[in-house]
Amino acid sequence: MNSVQTISGIQARNYIDGQWVASARQFESLNPADTREVVGVAPLSTAADAAQAVEAAKRAFETWREQSWVRRAEIIDNFAQLMKRDLEEMSRLVTRECGKPLNEGRADVVEALHMAQYVAGMGRQPNGFAVSSEIPAKDAFILRKPKGVIVCITPWNFPVAIPLWAILPSVLAGNTVVFKPSEETPICGHKLMELFAEAGFPPGVINIVHGTGEEAGDALVKHPDVAAILFTGSRAVGKYIQQTAAVDLYKFVATEMGGKNATIVLADADLDIAVNACVLGAFKTSGQRCVSSGRLIVDRKIEPKFTQMFLDKARRVRVGNGLRDDVFMGPLINQDGIAKWKHHNARATEEGGEVLLDGKHLTDGDYAYGHFVEPFVYRFKQYKQSTFCLREEAFSPHVAIIGVDGMEEAVRVYNDTEYGLSMAVITEDYRKWRWVRDHADYGLGYVNLPSIGAEVHLPFGGVKSSGNGHPGAEGIIDSVTHRIAFTVNHAREIVMAQGLSTKV
Ligand code: NAD
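All values reported here derive from a predicted model rather than from experimental measurement. (Residues numbered from 1 in each chain as written. Predicted model: local features only at pLDDT ≥ 70, side-chain atom pairs only at ≥ 80, totals over all residues. Heavy atoms only, no water.)

### Points about the overall build of the protein chain
Moving on, step 1. Helix and strand counts for the protein chain come out as 14 helices and 25 strands.
Moving on, step 2. By the compact-globule yardstick of 23 Å for 504 residues, the protein chain fits well, its C-alpha radius of gyration being 24 Å.
Moving on, step 3. When its C-alpha atoms are laid out on the principal axes, the protein chain stretches across 80 × 65 × 40 Å.
Moving on, step 4. The 504 residues of the protein chain split such that 56% are buried.
Moving on, step 5. Residue pairs at least 24 apart in sequence account for 75% of intrachain contacts in the protein chain once pairs closer than 6 positions are excluded.
Moving on, step 6. Split by element, the accessible area of the protein chain, about 21000 Å² in all, is 52% carbon and sulfur.
Moving on, step 7. Positive and negative charge centroids in the protein chain, built from 54 and 60 side chains respectively, lie 3 Å apart. (Helix = DSSP H or I, 4+ residues; strand = E, 2+ residues; numbered from the N terminus. Rg over C-alpha atoms; globule rule 2.2 N^0.38 Å. Buried < 20%, exposed > 50% of the residue type's maximum accessible area, 1.4 Å probe, protein only. Contact = heavy atoms within 4.5 Å. Areas by Shrake-Rupley, 256 points an atom, 1.4 Å probe, with all protein chains shown as cover. Lys, Arg positive; Asp, Glu negative; His and termini not counted. Charge placed at Lys NZ, Arg CZ, Asp CG, Glu CD.)

The following block contains the structure:
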């Protein structure tokens, strides 16, 4: 089925067992830059729809697991070709559905294409290896086996790249998938599903179920035939899913969650690099990246100069519809995003932050139908412990500048949150970045760069409450396979390891 475009946008359906399935209830996906535009309509799936998809995936697993890794990789390669063909169309769709400027929408799709290319290449890589046994006549192997039905639950802010981090390694390894895209970006999920179908994945290998987390998502998490859940999203939902799935001892859960990331600017920093890195880290995707820097931890010796330069640039950030070339910051995703931004801003003031840039909620003229806000920047000349605004994810252009005395205080302040996702340090001193590298808590570290900038052949994940240690992208093959030990005896007698007697 090619997308059906109606006056109310693209009509998405669930895709279960190779069939496009309509549903009685639907919901609309609106353009956050102009909510008069309905990007599409998608099914509001029930627990019964979710169960049907899991059952289809379970049936398909029996035959899909029999294919070679090479054959499965060939279908992933077909999919990569289709992504290339539709790159521009998909980029515009990302911008229309989740608001980020077109250059960022394109980067999302390009990252997804890279993931497809990377995973297709893995099909001809070793997926196990032989190891030596203590007993010369034994051959021992470490092999990977697929787990079964894998549920992929994804957020809205990278609606194309993040689903592929999870889905493609899963199917390469012989698993089958039920994909539950975010209810904020169902049409991007639908477009991916169309391409999966066109690429030639057999019925039931990849299924999509649209709808809310509370209904469709929850039913998938609780389904007894699900072997693993790959979740990316907020800490609250990740925690709930981990706790809920723990009831079934066999269920594996990988959670990738939020962050309260920071860029540390040391006294010897190149200030131009520092300011650029901080503006990109703080305001790309309007601060709605899991790796956005909501804290700029700056050595007091250079803080006044840095702050002046940072504010000069932040004031020039152009807010608007991401389809316009000159826009740097698109809208927030919805009204809840605006409410969260306002709440964090109010708390920053109550908690003693000095407001330096009092960004406004924009509601006039071109902004009237979108969720637009400007950057909000405040300062704590001294670090204040136990502040909500410096510890909790704002997921918006809400940025604190925090003055510190030297590298060690910078890292103490950096570590003072429950999160540990992304950290950047700006310095010209290799001894300093090395010390910071080894003492800060994070899963993604950068030197003289912003705290954003993933590439698919690197692991993507956090520590502490940002993730449970099963990173996405590069490392995810470990989450979607069981590593098994397999030993074969070539002798005509049984000889045991550790000198274990075989005498009966
Ligand atoms: P969210 O947690 O609200 O939703 C994520 C997904 O979970 C959605 O598909 C949603 O429908 C589903 N969901 C919600 N409740 C559920 C439930 N009870 N059971 C099953 N599924 C449920 O997150 P969001 O607003 O879409 O995304 C923003 C969050 O994601 C931020 O916290 C951000 O930091 C985080 N994020 C993390 C990473 C990472 O790799 N660490 C990447 C991107 C975004």
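Text resumes after the structure shown.
### Considerations on the domain arrangement of the protein chain
Moving on, step 1. Here the domain parsing of the protein chain yields domain 1 (14–257 + 467–485) and domain 2 (261–447).
Moving on, step 2. Here the C-alpha centre of domain 2 lies 31 Å away from the C-alpha centre of domain 1.
Moving on, step 3. Applying the counting rule to domain 1 against domain 2 returns 3 salt bridges.
Moving on, step 4. When the shortest N-O distance is used, the salt bridge between R289 and E104 registers 3.3 Å.
Moving on, step 5. Summed over the shared surface of domain 1 and domain 2, the result is 10 residue pairs in polar contact (both at pLDDT 80 or more).
Moving on, step 6. Those elements that place two or more of their residues in the side of domain 1 that touches domain 2 are β6 (34–43), α3 (87–98) and α4 (102–122).
Moving on, step 7. At 5 residues, the largest contribution of residues to the side of domain 1 that touches domain 2 is made by α3. (Domains from an automatic or database assignment. Salt bridge = Lys/Arg side-chain N within 4 Å of Asp/Glu carboxyl O. Polar contact = N/O pair within 3.5 Å; in protein donor to acceptor, adjacent residues only side chain to side chain.)

### Overview of the pattern of salt bridges
Moving on, step 1. Across all of its chains, the model carries 35 salt bridges by this definition.
Moving on, step 2. With its nearest N and O atoms 3.1 Å apart, the salt bridge here joins D326 to R324.
Moving on, step 3. Classification of R324 by relative accessible area gives partly exposed; the value is 37%.

### Observations concerning the UniProt feature "domain: Aldehyde dehydrogenase" (unreviewed entry) in the protein chain
Moving on, step 1. Per the UniProt annotation, the sites labelled "domain: Aldehyde dehydrogenase" (unreviewed entry) are residues 20–481.
Moving on, step 2. Helix makes up 39% of residues 20–481 and strand 23%, and the two end C-alpha atoms of the span are 29 Å apart. (UniProt positions renumbered as here; feature names shortened; annotations may be inferred.)

### Topic: the sheet that holds strand β8 (residues 138–146)
The pairing of strands in a sheet comes from backbone hydrogen bonds and takes either a parallel or an antiparallel form.
Moving on, step 1. Reading across the sheet, the 3 strands line up as β7-β8-β25 and stay open at both edges, with antiparallel pairing between neighbours. Of all strands in the sheet, those with a lone pairing partner are β7 (128–132) and β25 (481–489), marking the two edges. Each adjacent strand pair in this sheet contributes to an overall mean axis angle of 25 degrees, direction not counted. (Pairing = 2+ DSSP bridges. Axes fitted to C-alpha atoms, helices over the stretch in contact; angles between N-to-C directions.)

### Comments concerning the site of the ligand
Moving on, step 1. In the neighbourhood of the ligand, 29 residues make up the surrounding shell, with K180, E183, S234, M257 and E393 lying closest.
Moving on, step 2. Contact between the ligand and E183: an oxygen atom at 2.5 Å from a side-chain N or O atom of the residue.
Moving on, step 3. One nitrogen or oxygen atom from the main chain of M257 is found 2.7 Å from a nitrogen atom belonging to the ligand.
Moving on, step 4. Protein coverage of the free-state accessible area of the ligand, which is 850 Å², stands at 90%.
Moving on, step 5. Elements represented by at least two residues in the shell around the ligand include exactly α7 (213–222), β12 (226–232) and α8 (235–245).
Moving on, step 6. Sorting elements by how many residues they give to the shell around the ligand places α7 first, with 4 residues.
Moving on, step 7. By residue class, the composition of the shell around the ligand is 15 nonpolar, 9 polar and 5 charged.
Moving on, step 8. Split by domain, the residues of the shell around the ligand number at least three in each of domain 1 (14–257 + 467–485) and domain 2 (261–447). (Near = heavy atom within 4 Å. Nonpolar A, V, L, I, M, F, W, Y, C, P; charged D, E, K, R; others polar.)

### Examining the sheet that holds strand β20 (residues 398–404)
Moving on, step 1. Spatial strand order, β16-β19-β20-β15-β14-β21-β22: 7 strands in an open sheet with mixed pairing. Looking at which strands have only one partner, the edges of the open sheet turn out to be β16 (354–358) and β22 (444–447). Here the strands of the sheet are splayed against their neighbours by 20 degrees on average, with no regard to which way each runs.
Moving on, step 2. Pairing of strand β15 (residues 293–299) with β20 involves 5 bridges; the strand directions are parallel. When the bridges of β20 are listed, L296 appears paired with I401.
Moving on, step 3. Packing against the sheet, helix α13 (residues 406–415) makes contact with β14 (261–265), β15, β20 and β21 (422–426), and its axis sits at approximately 160 degrees to β15.

### Regarding unusual backbone geometry
Moving on, step 1. At D17, a position not held by glycine, the phi torsion is positive, near 55 degrees.
Moving on, step 2. The topology assignment puts D17 in the loop between β3 (14–16) and β4 (19–21).
Moving on, step 3. Of the residues examined, D17 reaches a relative accessible area of 29% and is grouped as partly exposed.
Moving on, step 4. Located in the positive-phi region is K464, a residue other than glycine, with phi close to 55 degrees.
Moving on, step 5. On the secondary structure map, K464 appears in the loop between β23 (459–460) and β24 (472–473).
Moving on, step 6. Residue classification places K464 among the partly exposed residues on the basis of a relative accessible area of 36%.

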